[in-house]
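Structural features, examined
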Amino acid sequence: VLVKMVITDEELVNRCKKELPRTTRSYELLVQRHMNRIYTLVYRVVCNKEEAEDITQEVLVKVYNNIHAFDQKALFSTWLYRIAVNSALDSLEKTKRHHNATTSFSRSPSPNADEEENVPASTAAGPEEEAMQSDLRQCIQRVLKDLDREQARVLVMRDFEDLSYDDIAQVLEAKLSAVKMRIHRARLAFQAIFNQFCGQIYLSFS
């Protein structure tokens, strides 16, 4: 009986270090394995298909350029998510600086079916509910922009991507108790800002 062996991320990383830039086969396998989840993570932060695609490509280029320096003390996926979260939040900060002079924000068009391809689908909704869902997404994006960078990071990892406390501790290179406290404080800060900017939309959506 032939048993198909699954190559681990760690083995692919080792191969990349030996093979790049001469051959990219192992790197391509890593990309195929993780690209959809990275795109989904980034999309949930920036709420824009084209921007999420661009950031995902930036993340993959950063991985290509820096994989030789990856010391493998943490899992490859942990290192990758750290790069993705930072890249997505960098994009939010650029948008925040660009629109810093304005006090209002515009609702971007709700994602179409193609945009939702790699994002968990919601149940069928009428036009009014879809508009409220779009407003809610944009409100959450604005709150993330206004949050302290570290608070936004832990919320994205815990409440957007459902990473475990242990995984987040590895990403942040922090103690588990400190991570739990950071997440608790970040949620309190998120709630305060959310109530300020998005409370009425939330009430309507509820």
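Right above here is the structure, for reference.
One structure accompanies this document, and this report is about it. (Residues numbered from 1 in each chain as written. Predicted model: local features only at pLDDT ≥ 70, side-chain atom pairs only at ≥ 80, totals over all residues. Heavy atoms only, no water.)

1. Re the side chain of D9
Examined against the element boundaries, D9 turns out to sit in helix α1 (residues 9-19). For D9, a relative accessible area of 13% corresponds to the buried category. (Helix = DSSP H or I, 4+ residues; strand = E, 2+ residues; numbered from the N terminus. Buried < 20%, exposed > 50% of the residue type's maximum accessible area, 1.4 Å probe, protein only.)

2. Some remarks on the packing of helix α6 (residues 149-160) against helix α7 (residues 165-172)
Axis separation between α6 and α7 bottoms out at 10 Å; the angle between their running directions is 140 degrees. Here α6 runs over α7; the crossing is right-handed. The segment α6 lies against α7, with E150, R153, V154, M157 and R158 engaging Y165, I168, V171 and L172. A per-class count over the contact of α6 with α7 returns 6 nonpolar, no polar and 3 charged. (Axes fitted to C-alpha atoms, helices over the stretch in contact; angles between N-to-C directions. Left-handed = near helix turned anticlockwise from the far one by under 90°. Contact = heavy atoms within 4.5 Å. Nonpolar A, V, L, I, M, F, W, Y, C, P; charged D, E, K, R; others polar.)

3. Quick look at the nonpolar core
Counting 56 residues, the largest nonpolar core has V63, I67, F76 and L147 as the members making the most contacts within it. Mapped by element, the contributors of at least two residues to this core are α1, α2 (25-46), α3 (49-66), α4 (76-98), α5 (127-146), α6, α7 and α8 (176-205). (Core = buried A, V, L, I, M, F, W, Y, C linked by side-chain atoms within 4.5 Å.)

4. So, the packing of aromatic side chains
Counting across every chain of the model gives 6 aromatic pairs. On the numbers, 5.3 Å between centres and 80 degrees between planes, the contact of Y27 with Y64 is edge-to-face. Residue Y27 is found in helix α2, and its partner Y64 is found in helix α3; the two are separated by 37 residues along the sequence. Of the residues examined, Y64 reaches a relative accessible area of 29% and is grouped as partly exposed. When the centroid spacing of 5.9 Å and the interplanar angle of 50 degrees are considered together, the rings of F76 and W79 count as tilted. Of this pair, F76 and W79 both sit in helix α4, 3 residues apart, roughly one helical turn. (Phe/Tyr/Trp six-rings, centres within 6.5 Å; stacked < 30°, edge-to-face > 60°.)

5. Some details on the pattern of salt bridges
Between side chains of opposite charge, a pair can form when the charged atoms approach closely. All told, the structure shown has 9 salt bridges when counted by the stated rule. For the salt bridge of E11 with R15, the shortest nitrogen-to-oxygen distance reads 3.2 Å. Here E11 and its partner R15 are both found in helix α1, 4 residues apart, which amounts to about one turn of the helix. The partly exposed category is assigned to R15, whose relative accessible area is 31%. The closest approach of N and O atoms between R149 and E93, which form a salt bridge, is 3.0 Å. Taken together, the positions of R149 in helix α6 and E93 in helix α4 put the pair 56 residues apart, joining distant regions of the chain. Here R149 falls in the partly exposed class, since its relative accessible area comes to 22%. A relative accessible area of 29% means that E93 is categorised as partly exposed. (Salt bridge = Lys/Arg side-chain N within 4 Å of Asp/Glu carboxyl O.)

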